[in-house]
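Commentary on secondary and tertiary structure
Residue strings, one per chain:
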Amino acid sequence: MDQYKEISEFVYTYICSEEERSLCRLEMRSLFGGESCSNIFRSSVKIDPSRSPFIKERIDVMFEGDDIRDILKQVEQLRLMDGTFKVLFVKINDLDKSKKIEYQERLKIEREIGSRIRGKADIHRPDFLFGIGTVDGRWFFGPYHKNEAIWFLHMKKPREYSTALSTRAARAIVNIAVPNPEGVKVIDPCCGIGTVLVEALSMGIDIVGRDINPIVAAGSRENIAHFGLVGDVTLGPISEVIEKYDTAIIDLPYNHCLRATPEDQLSILKHARRFAKKVVVVTVKTIDHMIEEAGFEVIDRCEAKKGLAGTFSRQIIVCV
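These remarks concern the structure in this document. (Residues numbered from 1 in each chain as written. Predicted model: local features only at pLDDT ≥ 70, side-chain atom pairs only at ≥ 80, totals over all residues. Heavy atoms only, no water.)

**What about the pattern of salt bridges?**
Our working rule: Salt bridges are defined by distance alone: a side-chain nitrogen of Lys or Arg within 4 Å of a carboxyl oxygen of Asp or Glu. When accessible area is computed with a 1.4 Å probe and restricted to protein chains, residues below 20% of their type maximum are described as buried, those above 50% as exposed, and intermediate ones as partly exposed. Secondary structure elements are taken from DSSP: a helix is a run of H or I of four residues or more, a strand is a run of E of two residues or more, and numbering for both begins at the N terminus.
For the structure on display, the rule yields 19 salt bridges. We note a salt bridge from Glu-35 to Arg-29, for which the minimum N-O separation is 2.6 Å. Judged by its relative accessible area of 23%, Arg-29 falls in the partly exposed class. With a closest N to O distance of 2.5 Å, Asp-66 and Arg-138 form a salt bridge. Here Asp-66, found in the loop between strand E4 (63–65) and helix H2 (68–74), pairs with Arg-138, found in strand E8 (residues 138–146); they are 72 residues apart in sequence, far enough to count as distant. For Arg-138, a relative accessible area of 29% corresponds to the partly exposed category. Connected via shared salt-bridge partners are Glu-9, Arg-42, Glu-64, Asp-66 and Arg-138.

**Quick notes on the packing of helix H1 (residues 21–32) against helix H5 (residues 167–177)**
This is how it is decided: Fitted lines through C-alpha atoms give the axes, limited to the stretch in contact for helices. The angle between two N-to-C directions lies from 0 to 180 degrees. If an angle is under 35 degrees, it is roughly parallel; if it is over 145, roughly antiparallel; if it lies from 65 to 115, roughly perpendicular; otherwise it is oblique. Two helices that cross are described as forming a left-handed crossing if the nearer one is turned anticlockwise from the farther one by less than a right angle, and a right-handed crossing if clockwise. Two residues form a contact once any of their heavy atoms are found within 4.5 Å. Residues are sorted three ways: Asp, Glu, Lys and Arg are charged, Ala, Val, Leu, Ile, Met, Phe, Trp, Tyr, Cys and Pro are nonpolar, and all the rest, Gly among them, are polar.
Running from N to C, H1 and H5 cross one another at 30°; their axes reach a closest spacing of 8 Å. Comparing their axes, H5 and H1 come out roughly parallel. Taken as a pair, H1 and H5 cross one another with a handedness that is left-handed. Contact residues: Leu-23, Leu-26, Glu-27, Ser-30 and Leu-31 in H1; Ala-169, Ala-172, Ile-173, Asn-175 and Ile-176 in H5. When its residues are assigned to classes, the contact of H1 with H5 shows 7 nonpolar, 2 polar and 1 charged.

**Some points on unusual backbone geometry**
Working note: non-glycine residues mostly have negative phi, and peptide bonds are mostly trans. If you check the backbone angles, Asp-136 has positive phi at about 55° while not being a glycine. Counting through the fold element by element, Asp-136 comes out in the loop between strand E7 (128–135) and E8. At Ala-149, a position not held by glycine, the phi torsion is positive, near 50°. Along the polypeptide, Ala-149 turns up in the loop between E8 and helix H4 (150–153). Overall, Ala-149 belongs to the partly exposed group, its relative accessible area being 27%.

Don't take any of this as a statement about function, it's just geometry.
In structure tokens:
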């Protein structure tokens with residue numbers, strides 16, 4: 001399987017609801033440096049699909065051609081020795097409705113490709129999983145990687161708050177804040193019950209948490225431990241943070257229990273400017289004037305909706 005070494009292009013498929021579309025697009029821009037109008041696109045950036053709540057699958061482009069016949073010729077090069085395999089047709093594509101490939105035709109294509117591969121087919125537990133599909137008028141084939149929906153396992157926590165971010169939103173926000181985690185130090189200085197911390201730690205991101213409320217800080221530690229993760233959550237105000245960080249993720253306190261005034265929120269932003277190079281702010285109100293006063297520049301943003309018909313929304317603002 002020397003062909004793996006040559007792969008430098010990847011095809012991704014996305015799924016999101018209409019309410020999530022703005023958040024999904026911001027995550028896409030952060031991870032890939034741009035966005036697609038459709039739910040399938042190519043990129044030279046390699047991302048584990050399980051990082052995102054919206055990516056459905058990734059196919060590493062091993063072979064490509066103008067039509068399926070080009071793929072059939074190329075897959076004859078595959079020699080899996082004693083390895084077993086399975087071929088999946090990627091259903092999401094950007095074809096016009098008149099050119100959509102129906103179920104029976106997809107099965108036929110899977111069988112035709114499988115018959116050309118030198119190896120043994122196994123639909124249950126294959127050693128190698130391959131994807132076949134079409135995007136931008138080209139056919140592609142290669143190793144297939146499915147999103148394992150890790151965020152779904154984090155939905156039920158021992159400690160919950162009704163105003164906390166959803167796990168899907170939190171995971172996307174972490175990707176927006178830290179698209180490339182290598183060597184990046186992150187802090188969530190208003191971490192609450194740790195929804196962001198759990199998602200970030202599960203992705204191997206170097207993040208610490210902090211909160212001024214001892215009850216929610218304890219809840220954050222409990223939630224982190226519940227999922228077998230290890231993370232540091234300290235107690236205290238943001239004003240006492242002295243260490244420097246590459247990125248801060250701040251879900252600004254706003255509910256009646258926290259009683260955070262606009263002055264409190266501005267103070268949080270000013271302190272974040274002191275110790276973080278980049279900040280992703282989550283807010284229920286427009287606070288552009290505060291962001292500017294704190295010394296930040298907004299470089300991207302979106303709106304994340306929640307509830308029936310998107311009755312509740314948060315702004316996600318990327319600042320440097």
